[in-house]
Amino acid sequence: MNEDTQIEQPPVQSDQQAPHLDLEALVVKHCRTRWRKPIPEHTQKTFDYATAWLAERGNPTVVLDSFCGTGMSTKCLAEQHNNAAVIGLDKSAHRLTKHADTSDKYLLLRAECEPFWQLLVTANIKVAHHYLLYPNPWPKSSQLKRRVHGHPAFPLLARLGGSVEMRSNWQIFAEEFALASKLIGFTGKLDRLEISEPWTLFEKKYSERAQNLWCFRGIFSS
Ligand SMILES: C[S@@+](CC[C@H](N)C(=O)[O-])C[C@H]1O[C@@H](n2cnc3c(N)ncnc32)[C@H](O)[C@@H]1O
């Protein structure tokens, strides 16, 4: 195949051509049934560490960077939200240990996001701004329940309150996230994103490849 006949692959390959037909019923079901899963002991310990860290700082406004990867975005967000306590969460020790900086302005924690969100809700800790930057797309249609908005813990985002910002390089994923967010009470908008300074390593990689990026920004309103 020569250069002229090469067909460019879409950035995310999926058997879905549109938002999943089961999405709405799934999210409605998750809103009606409370997600109950035992909290892992290590997540409880990590959460206790986080609440002590917040208390030492006089319990300021909380900004959450869920699925933070190496924490590059967490550092960026701490610079932008000067008076807030910024917490980055990721389950991968491998990614988190790549974070070279140290700062007392933000905290990087190894934890599964979903039980951590549950603990925040139970402790009645509200999140002023919640960033979910490039969550795993799980692109096969059979993987809907693995996507962040197909997970039974997704309605917890509404109970954390505040604003959400989700970025993705897969338009259908972003459309699904926007639909699901509306169902749990967020009012917001999906836009194409132009990147000048990448916030994350994935964002850097996608923008270097000139991929289209999508951003849903919403505010919890009911
Ligand atoms: C595609 S990467 C994006 C990382 C980072 N936000 C970025 O843009 O560079 C997705 C990240 O989500 C993390 N992750 C996936 N599921 C998770 C979960 N349930 N709880 C916490 N982290 C999770 C993975 O370890 C991975 O670092």
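Fair warning: this is a prediction, and the values are worked out from it, not measured in the lab.

Could you give an account of the sheet that holds strand 1 (residues 62–66), naming the residues involved and the relevant values?
By definition, the strands of a sheet pair up through backbone hydrogen bonds, in either a parallel or an antiparallel sense. Strand order in the open sheet formed by seven strands is 3-2-1-4-5-7-6, and the pairing between neighbours is mixed. The sheet is open, and its two borders are formed by strand 3 (106–110) and strand 6 (186–193), each paired with just one other strand. Across the sheet, the mean angle from the axis of one strand to that of its neighbour is 15 degrees, orientation sign disregarded. Where strand 2 (residues 85–90) meets strand 3, five bridges bridge the pair, whose relative direction is parallel. By the bridge assignment, V86 is partnered in strand 3 with Y106. Packing of helix 2 (residues 41–56) onto the sheet brings it into contact with strand 1, strand 2 and strand 3, and relative to strand 3 it is tilted by some 175 degrees.

Any chance you could break down the environment of H30 for me, citing the residues and the numbers?
Among the structural elements, H30 can be located in helix 1 (residues 23–32). On the accessibility criterion, H30 (8% relative accessible area) is buried. Each C-alpha atom of the pair H30 and P155 lies 6.9 Å from the other, and the pair is 125 residues apart in sequence. Not counting residues within four places of it along the chain, the set of residues in contact with H30 comprises G150, H151, P152 and P155.

Can you lay out the pattern of salt bridges for me, pointing to particular residues and giving the numbers?
Summed over the entire model, instances satisfying the criterion amount to nine salt bridges. Between E56 and R57 there is a salt bridge, with its nearest N and O atoms 3.5 Å apart. Take E56: its relative accessible area is 66%, and that puts it in the exposed class. Residue classification places R57 among the partly exposed residues on the basis of a relative accessible area of 31%. With a closest N to O distance of 3.0 Å, R147 and E176 form a salt bridge. Placement of R147 in the loop between strand 4 (129–133) and helix 6 (156–160) and of E176 in helix 7 (residues 171–183) is noted, with a sequence separation of 29 residues between them. An identical accessibility class is assigned to R147 and E176; each is buried. One network of salt bridges, with partners in common, ties together E165, R167, E203 and R217.

Please give an account of the packing of helix 2 against helix 5 (residues 113–122) that cites residues and values.
Axis separation between helix 2 and helix 5 bottoms out at 10 Å; the angle between their running directions is 50 degrees. What the angle tells us is that helix 2 and helix 5 run oblique. Considering only the axes of helix 2 and helix 5, their crossing is right-handed. Touching T43, Q44, T46, F47 and A50 of helix 2 are P115, F116, L119 and L120, all from helix 5. The residue inventory of the contact of helix 2 with helix 5, partitioned by class, reads six nonpolar, three polar and no charged.

I'd like a rundown of a positive patch on the surface, residues and numbers included.
Residues R34, R36, K126 and R159 make up a contiguous surface patch of positive charge. With respect to the helices and strands, the residue K126 is situated in the loop between helix 5 and strand 4. Looking at K126, the relative accessible area reads 49%, which means it is partly exposed.

Requested: an account of the site of the ligand, with residues and values cited.
Around the ligand there are 17 residues in total, and F67, D90, R95, L133 and T200 lie nearest to it. Separating an oxygen atom of the ligand from a side-chain N or O atom of R95 is a distance of 2.8 Å. Take C113: an N or O atom from its main chain is 2.9 Å from a nitrogen atom of the ligand. Out of a free accessible area of 590 Å², the ligand has 93% covered by protein chains. Among the secondary structure elements, those contributing two or more residues to the shell around the ligand are helix 5 and helix 8 (201–208). When the residues that make up the shell around the ligand are grouped by side-chain class, the tally is eight nonpolar, four polar and five charged.

Conventions used here
Residues numbered from 1 in each chain as written. Predicted model: local features only at pLDDT ≥ 70, side-chain atom pairs only at ≥ 80, totals over all residues. Heavy atoms only, no water. Pairing = 2+ DSSP bridges. Helix = DSSP H or I, 4+ residues; strand = E, 2+ residues; numbered from the N terminus. Axes fitted to C-alpha atoms, helices over the stretch in contact; angles between N-to-C directions. Contact = heavy atoms within 4.5 Å. Buried < 20%, exposed > 50% of the residue type's maximum accessible area, 1.4 Å probe, protein only. Salt bridge = Lys/Arg side-chain N within 4 Å of Asp/Glu carboxyl O. Parallel < 35°, antiparallel > 145°, perpendicular 65-115°, else oblique. Left-handed = near helix turned anticlockwise from the far one by under 90°. Nonpolar A, V, L, I, M, F, W, Y, C, P; charged D, E, K, R; others polar. Patch = residues over 30% accessible without salt bridge, like charges linked within 9 Å, V, L, I, M, F, W, Y side chains within 5 Å. Areas by Shrake-Rupley, 256 points an atom, 1.4 Å probe, with all protein chains shown as cover. Lys, Arg positive; Asp, Glu negative; His and termini not counted. Charge placed at Lys NZ, Arg CZ, Asp CG, Glu CD. Near = heavy atom within 4 Å. Polar contact = N/O pair within 3.5 Å; in protein donor to acceptor, adjacent residues only side chain to side chain.

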